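What follows is each chain in one-letter form.
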Amino acid sequence: MRKIVITIDNDGETTVEAVGHKGGTCVKATQPLTQALIGTPTTSVKKPEFYQGDHQQQQKNTN
Amino acid sequence: MSKTLLVQLRQPHVMLEHEQDPVQPVGKHGERSSLVANVATKNSAKRNSRGRQFTGGPFFHFRKGKTMSHLESGFCVTDIEALALTQKEQCPELQLVRQKTYRTWATDHGKLVGDYPLPGVYQVKLMAALKKQGVDVHAAAKAQGVTLPANLLDLLKKPWTLAEQKKLFQDDKFKKAYDKLSSEVVGNDAEFVIKYKEGKGRSDAYEIGLVPHPVNKGEYLMMTDFYAQGNGLLKSPGVGQHKPGAQGSDSWGGELKKAYAVKAAERTIQKEIKAGNSEFGSYKKVTLPDGRVKIEVTPKNGGMQ
């Protein structure tokens, strides 16, 4: 099940977590919150799940 | 001699993918651009004020056995209205006003004490000023035994240390630029200020400045001088006092910052729900036993893949 979890600690430090997302949907889903609460993103290291959707699509195209 | 320390409540995010010249900030803040053009803009970021944030910024996590995509952490102010509402709700002695200067030791005495490294954002501005003068800051720093990051904006999240600063100041160019920044920029670059209402607090209380991020438009850094609890400001109800942290990871303003973040989160969620964003169907908010606030947002379809 997909969801977004925001955790705000006692100093205001905020964590935005996309749970259960695959492919680039995680970024799209959390973008409004990360931009509002954390700010403009810097560099990011993509997890395997990030590419999962695209990879599956690519496989389809090459078949 | 008291020590003066300017800190930021948030570790701003920096564009790391490509070098972005801090001398040419982009954004909507005209006065910021003007300051940059003159010498350097100002933003306060205290190097060790929130040490753990320096390793933060958006990053992706792996969680074994659990499908998740990513996680990002940090703090910034983007919703001034939410901050104003928060301040009104829980800081009865204070007010948020549109104001350019925010009171610190530096504004009272014309310079920083210098017992802490320059806050990260001011380090960026210092570099911007020197680059504006045509100084090859990387080469000049290297000559003093200090290696600056290739992207100077990285100083925002990992500022140089006091020891490195002392090395840099052996070069007169750095020292002169620092003195100028300290006297002309620090405390004079806010867009909004949180301060005592008339008749409240000490007459010499410091103030919290909302300083525009030098690059990211619409983002603000919360800056203050936490010496003596900001001369009493941080003792005002609803703000949150300065707390020394391990290895200099000090924090302050936790109550205000936390309440703002919760309000800003809820306002963002409500806005996305109203806009019809399918990822924002409903949400629930709970306060955990340790005081943290957790908000879970469920998509419109219940979150089923």
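It should be emphasised that the depicted structure is a prediction, and the values quoted were computed from it without experimental measurement.

## Digging into the overall build of chain B
Helix and strand content of chain B: 9 helices and 9 strands. The buried share of chain B, taken over its 305 residues, is 49%. When contacts within chain B are restricted to residue pairs at least 6 apart in sequence, long-range pairs at least 24 apart make up 72% of them.

## Considering the confidence of the model for chain B
All names here are of chain B. On average, residues of chain B score 79 in pLDDT, and 75% of them are at 70 or above. The low-confidence segment residues 1-68, where pLDDT is below 50, has 231 contacts with residues more than four positions distant or belonging to other chains. Across the whole predicted complex the pTM is 0.75, and at the interface the ipTM reaches 0.73.

## Concerning the nonpolar core
Membership of the largest hydrophobic core comes to 79 residues, with the highest contact counts inside it found for Leu126(B) and Ala265(B). Two domains share this core, each providing at least three of its residues, namely domain 1 (6-248) and domain 2 (253-305) of chain B.

## Quick word on helix H7 (residues 172-184) of chain B
Residue and element names in this part refer to chain B. Compared with the 18 Å implied by 1.5 Å per residue over 13 residues, the 18 Å span of H7 between its first and last C-alpha is a close match. Within H7, the full set of buried residues consists of Phe 174, Ala 177, Tyr 178, Leu 181 and Ser 182. Within H7, the buried residues cover an arc of 135° as seen down the axis, which keeps them to one side. Its buried side turned inward, H7 meets helix H3 (105-109), helix H4 (120-132) and helix H6 (162-168).

## What to know about the confidence of the model for chain A
All names here are of chain A. When pLDDT is averaged along chain A, the result is 71, and 63% of the positions lie at 70 or above. Looking at the elements of chain A, mean pLDDT is at its lowest for helix H2 (residues 48-62), recorded as 41, and at its highest for strand S1 (residues 3-8), recorded as 95. Contacts for the low-pLDDT stretch residues 42-63, under 50 throughout, to residues beyond four places or in other chains number 32 contacts.

## A word on the packing of H4(B) against H7(B)
Residues and elements named next belong to chain B. In the contact formed by H4 and H7, the axes pass within 10 Å of each other and the chain directions differ by 120°. With respect to H7, the axis of H4 lies oblique. Crossing of H4 over H7 shows right-handed handedness. Between H4 and H7, the contacting residues are Tyr 122, Lys 125, Leu 126, Ala 129 and Leu 130 on the first element and Lys 173, Ala 177, Tyr 178 and Leu 181 on the second. Each residue belonging to the contact of H4 with H7 can be placed in one class, and the counts come to 7 nonpolar, no polar and 2 charged.

So, how was this worked out
- Residues numbered from 1 in each chain as written.
- Chains lettered and ligands numbered in written order.
- Predicted model: local features only at pLDDT ≥ 70, side-chain atom pairs only at ≥ 80, totals over all residues.
- Helix = DSSP H or I, 4+ residues; strand = E, 2+ residues; numbered from the N terminus.
- Buried ≥ 20, exposed ≤ 12 C-beta atoms within 10 Å, placed from the backbone.
- Contact = placed C-beta atoms within 7 Å.
- pLDDT = per-residue confidence, 0-100.
- Core = buried A, V, L, I, M, F, W, Y, C linked by C-beta atoms within 7 Å.
- Domains from an automatic or database assignment.
- Expected span 1.5 Å × (residues − 1).
- Arc of directions from axis to C-beta.
- Axes fitted to C-alpha atoms, helices over the stretch in contact; angles between N-to-C directions.
- Parallel < 35°, antiparallel > 145°, perpendicular 65-115°, else oblique.
- Left-handed = near helix turned anticlockwise from the far one by under 90°.
- Nonpolar A, V, L, I, M, F, W, Y, C, P; charged D, E, K, R; others polar.

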